[in-house]
Structures are given as structure tokens and as C-alpha cells.
Amino acid sequence: MADRMEFSSTSKRSNYGAANRVDVCVLCVYPSAVMHRVEDCIFCGIVAGSENCFKVYEDDLVVCFMDLFPLADGHTLVVTKEHFENVFEVSESALTGVAALSRRVATAIKKELNPDGLAVYQANGSAAGQTVFHYHMHLIPRREGEGFNFTSRVRGDAATLESHARKLRALL
Ligand code: 5GP
Ligand code: ZN
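Residues numbered from 1 in each chain as written. Chains lettered and ligands numbered in written order. Predicted model: local features only at pLDDT ≥ 70, side-chain atom pairs only at ≥ 80, totals over all residues.

This next bit is on the overall build of the protein chain. Regarding its fold elements, the protein chain presents three helices and five strands. If you list the helices and strands of the protein chain from N to C, you get α-β-β-β-α-β-β-α. Each of the 172 residues in the protein chain was classed as buried or not, and the buried ones make up 29%. Contacts in the protein chain between residues far apart in sequence, at least 24 positions, make up 58% of those at least 6 positions apart. (Helix = DSSP H or I, 4+ residues; strand = E, 2+ residues; numbered from the N terminus. Buried ≥ 20, exposed ≤ 12 C-beta atoms within 10 Å, placed from the backbone. Contact = placed C-beta atoms within 7 Å.)

Okay, structure coming up:
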């Protein structure tokens, strides 16, 4: 996998680089030709254990791991185990699981990284910036005066991601 978000050419599961691809999604009306099938879903691969992640927590409903292309140091994702595409599809029980775990992980991030703030973010549809079409919540530590850079995303350093995952795990 490459270091930048255009790594989709090396991973058929990834949705990144979709704008440059010619795939046609037969399941939806999104114009960006992003694949939405469960078998192409990177997060389903992580849930199944066929794809690696820096895992923080897992239970019957949800899994939490470090974002591989962090918007900020400590950027964490809370993901439903079942494949729901977005907020319009997610079950109430899975949504409740995501909300409850997000609060616990947010508290752990606060203890571990002591950020000035913490953004809780969740996108639905490509127009809203969603790039992985499997329901998930972003927990993003924020520093005063720091901007968001959604366009140029660099793969996080593995040792740093592992260290954050281990420390957050210990705080849950
Ligand atoms: P979205 O853009 O759909 O709101 O968020 C998807 C997030 O998943 C992005 O922040 C992106 O960095 C992250 N991501 C994409 N591929 C992978 C991956 O293979 N592993 C992990 N851990 N995160 C990923
Ligand atoms: Zn999925």
C-alpha cells in the first residue's frame, strides 16, 4: 500500500482514488463510481480479520482502530461490525454501540493526548466526503489553530499508530 491516499491501485478493497477509476457501482446512484459491495469493503475486511489494523477495542457490535491516514495525531475510527453503508441504514443497536464506545474512546484520547478539543465526525455519501461506505465515526483530536486537511492525506507512521492503539486500549 502506498503512503498517500491514491493507493487504490494496489488494494482493490480500498475506495480511495475512486475519482480516477472506471468502476461502475451497480448498487447506487453515486456518480463517483465508488464500489459499495460488502466484498469490496475495507472495513468489512478489517472486521473479518483479513485486513490489518491497529486495533483499540472490539465487542459484538463495534470495532475501534486507528485511522491509517490520520487527519491528526490520534485520529481514531469507531466502526459497526455489521456492514451498514450510512446513517440511513445503520441499526439503532449498532448506532447505540458506536455512540457509547465513541464516548469511552474520546475519554481515553483526552487522557492520553490531552488535545485542546476533539471533533466527532461522520460523513454520509460522497457529497458529504464519505470515502469508505461502511458506517463509522471519526474521533479527531484537535489543537488550537490547527486546520483540517482532507485533500492531502499521508499514511500514518506504523510505530506511532501502534503506540496510540496500545495506550488507548489500556485506558478502556
Ligand atoms: P470517510 O472518508 O469515509 O469519512 O472516512 C474513511 C476513513 O478511513 C478515512 O479517514 C481514511 O483515512 C480511513 N481509511 C481508509 N482506508 C483505511 C484502511 O485501510 N485502514 C484504516 N485503518 N483506515 C482507513
Ligand atoms: Zn463493510
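Residues in contact with ligand 1 amount to 13 residues; listed here are only the nearest, Leu68, Phe69, Ala123, Thr131 and Val132. The residue inventory of the shell around ligand 1, partitioned by class, reads seven nonpolar, four polar and two charged. (Near = placed C-beta within 6 Å. Nonpolar A, V, L, I, M, F, W, Y, C, P; charged D, E, K, R; others polar.)

Counting along an α-helix, one turn takes 3.6 residues, and residues three or four places apart therefore face a common direction. The end-to-end C-alpha distance of helix α2 (residues 92-113), which contains 22 residues, comes to 31 Å, matching closely the 32 Å that a straight helix rising 1.5 Å per residue would cover. Among the residues of α2, those classed as buried are Gly97, Val98, Leu101, Ser102, Val105, Ala108 and Ile109. The buried residues of α2 occupy an angular sector of 135° when the element is viewed end-on, so they sit on one face. Opposite the buried face of α2, at more than 90 degrees from it, the exposed residues are Glu92 and Lys111. Those residues of α2 hidden inside the fold are in contact with β1 (55-58), β2 (62-66), β3 (76-80), β4 (117-121), β5 (136-142) and α3 (158-171). Phi turns positive one or two residues past the end of α2, at Asn114, with a value near 45°. (Expected span 1.5 Å × (residues − 1). Arc of directions from axis to C-beta.)

Right, let's talk about α3 for a bit. Between its terminal C-alpha atoms α3 stretches 20 Å, which fits the 20 Å expected from 14 residues at 1.5 Å a residue. Of all the positions in α3, only Leu161, His164 and Leu168 are classed as buried. The arc that holds every buried residue of α3, seen down its axis, measures 65°, which confines them to one face. Along α3, the residues that are exposed and aim more than 90 degrees away from the buried face are Ala158, Ala159, Arg166 and Ala170.

Across residues other than glycine, the phi torsion is negative in most instances, and most of the peptide bonds are trans. We note that Asn114 has phi near 45°; this positive angle belongs to a residue other than glycine. Mapped onto the elements, Asn114 comes out in the loop between α2 and β4. Assessed through the 8 C-beta atoms surrounding it within 10 Å, Asn114 is described here as exposed.

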